[in-house]
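Structural overview
Residues per chain are reported as follows:
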Amino acid sequence: MIIGDMDKKRQSGLKKVLDALKLHNNMTILSTGITGDDARLAKAVTDVGVKLIEPNHPAVALARGYKGVSSMHKAEMVRHEIPMEEMIKVTRGIRSVVPDDVFITVGVPGGFTEILPVILKEEDFLNISLAGADGLHIHKSNLKDLEEVVTLAHKYGLLVDAYIGHPDDLHTFGIPARTPEEVSKVAKQMESIGVDFIGLMTGMSYEGVIAGSIHSETRERLVALTSSVKVPTLAEGGINLDNYQAFAETGVNILVIGTAIDNMVNKSAQDAVLSFLGK
């Protein structure tokens, strides 16, 4: 009854991503963090050219000060408690203020490897799709779980971006792969089960990086990913103005930017207030 409609929706979402890559010379950004959970800032970044945006439940936990969290690290520990209804509300708000050609992918409770199990119901996929999402931002760490998500996401017109992590990462953010060879193998498995966009967690989110460069291990893992699959690829974690250009040499298509923009927005707000206070 809705197969044709949902296939058309998926094709529309894919076109948004491919058009963004074409517009930005095959490497663009996915804006997340504060720009994904605040409609005012989502509009601000899309007004100047962002074509991909991501609301997610840990960022919403941080934005709401849920249980007093004041850092993304702490937000990751309570993200599973954010109700799906809140993510639907956030998604609907973002969709209402950004242009139609902006691709929205959403991180939802149960879509990550949660501290406590969160069951994604079939109606959740339908409702987030109806709220205006084009895709789901998924961090499952088990291929069978990921395949189930992909099947239901596709049924309801949603594309899936999913990630490969490192077994030693601070947080579990994807299918584990230790070596470049394992990255290549896992990436091909993910592509074979229908993942639409495959990302790599850089492992730099909470560790810091040398200005202007990427660690050689991260570079090798990214090249292993980009050379192994035909679908668009992403890199996430610790990407900032000092190092983002170094990612271009890896062939990755999409840079997921959250904390770097959050920090700039926070600094700008503080500077403005200090000016008003005459300091």
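The rules behind each value
Residues numbered from 1 in each chain as written. Predicted model: local features only at pLDDT ≥ 70, side-chain atom pairs only at ≥ 80, totals over all residues. Heavy atoms only, no water. Helix = DSSP H or I, 4+ residues; strand = E, 2+ residues; numbered from the N terminus. Rg over C-alpha atoms; globule rule 2.2 N^0.38 Å. Buried < 20%, exposed > 50% of the residue type's maximum accessible area, 1.4 Å probe, protein only. Contact = heavy atoms within 4.5 Å. Axes fitted to C-alpha atoms, helices over the stretch in contact; angles between N-to-C directions. Parallel < 35°, antiparallel > 145°, perpendicular 65-115°, else oblique. Nonpolar A, V, L, I, M, F, W, Y, C, P; charged D, E, K, R; others polar. Phe/Tyr/Trp six-rings, centres within 6.5 Å; stacked < 30°, edge-to-face > 60°. Patch = residues over 30% accessible without salt bridge, like charges linked within 9 Å, V, L, I, M, F, W, Y side chains within 5 Å. Areas by Shrake-Rupley, 256 points an atom, 1.4 Å probe, with all protein chains shown as cover. Salt bridge = Lys/Arg side-chain N within 4 Å of Asp/Glu carboxyl O. Left-handed = near helix turned anticlockwise from the far one by under 90°. Polar contact = N/O pair within 3.5 Å; in protein donor to acceptor, adjacent residues only side chain to side chain. Lys, Arg positive; Asp, Glu negative; His and termini not counted. Charge placed at Lys NZ, Arg CZ, Asp CG, Glu CD.

So, about the overall build of the chain. Along the backbone of the chain there are eleven helices and nine strands. A compact globule built from 279 residues should have a C-alpha radius of gyration of about 19 Å, and the chain, at 18 Å, falls within 12% of that. The buried share among the 279 residues of the chain stands at 51%. Put simply, of all contacts in the chain between residues at least 6 apart along the chain, 70% involve residues at least 24 apart.

Packing of helix α4 (residues 57-64) against helix α6 (residues 84-97) leaves a shortest axis separation of 11 Å and a crossing angle of 90°. Taken together, the axes of α4 and α6 are roughly perpendicular relative to one another. Note on element contacts: α6 touches α4 through E86, M87 and V90, opposite H57, V60 and R64. Of the residues in the contact of α4 with α6, the class split is three nonpolar, one polar and two charged.

For the coordinates displayed, the defined rule picks out two aromatic pairs. Pairing F103 with F197 gives two aromatic rings, centres 5.9 Å apart and planes at 85°, and the pair type is edge-to-face. In this pair, F103 sits in strand β3 (residues 103-106) while F197 sits in strand β7 (residues 197-201), placing the two residues 94 residues apart along the sequence. Since its relative accessible area comes to 2%, F197 is described here as buried. Taking the centre distance of 6.3 Å and the plane angle of 85° together, the rings of F112 and F173 count as edge-to-face. Taken together, the residues span a long stretch of sequence, with F112 in the loop between β3 and α7 (122-130) and F173 in the loop between β5 (159-165) and β6 (175-176) at a distance of 61 residues. Comparing F112 with F173, the two get one shared label, buried.

Turning our eyes to something else, we now look at a nonpolar patch on the surface. Taken together, the side chains of M77, I115 and L116 make up a nonpolar region of the molecular surface, amounting to roughly 290 Å² of accessible area. Secondary-structure assignment places L116 in the loop between β3 and α7.

One non-glycine residue with positive phi stands out, namely N26, at about 70°. Positionally, N26 belongs in the loop between α1 (3-23) and β1 (28-31). A relative accessible area of 46% means that N26 is categorised as partly exposed. A positive phi is found at K67, a non-glycine position, where the angle reads about 55°. Looking at the element boundaries, K67 is found in the loop between α4 and α5 (72-78).

Taken N-terminus to C-terminus, the directions of α6 and α7 make an angle of 20°; their axes are 9 Å apart at the nearest point. In terms of orientation, α6 and α7 fall into the roughly parallel class. α6 and α7 meet at a crossing whose hand is right-handed. On α7, the residues that touch M84, M87, I88 and T91 of α6 are D124, N127 and I128.

Tallied over the entire structure, the rule returns 17 salt bridges. For R95, the salt bridge is made with D134, and the minimal N-O distance between the two is 2.7 Å. Placement of the pair is R95 in helix α6 and D134 in the loop between α7 and β4 (135-138), with a sequence separation of 39 residues. The two residues R95 and D134 agree in class, both being buried.

Right, let's get into the side chain of T46. By the element assignment, T46 lies in helix α3 (residues 39-47). Polar contacts involving the side chain of T46 include one to the main-chain carbonyl oxygen of A42, which spans 2.8 Å. With residues up to four places along the chain from it excluded, the contact list for T46 reads I53, V98, P99 and V102.

Let us now look at α4. For α4, every residue scored as buried is listed here: H57, P58, A59, V60 and A61. Where the residues of α4 are buried, they touch α2 (34-37), α5 and α6. Where α4 begins, the side chain of N56 points an oxygen toward the backbone nitrogen of A59, at a separation of 2.8 Å. Just past α4, the residue G65 takes up positive phi, approximately 65°.

A contiguous patch of negative charge on the surface is contributed by E181, E182, E217 and E220. Tracing the chain through its elements places E220 in helix α10 (residues 216-226).

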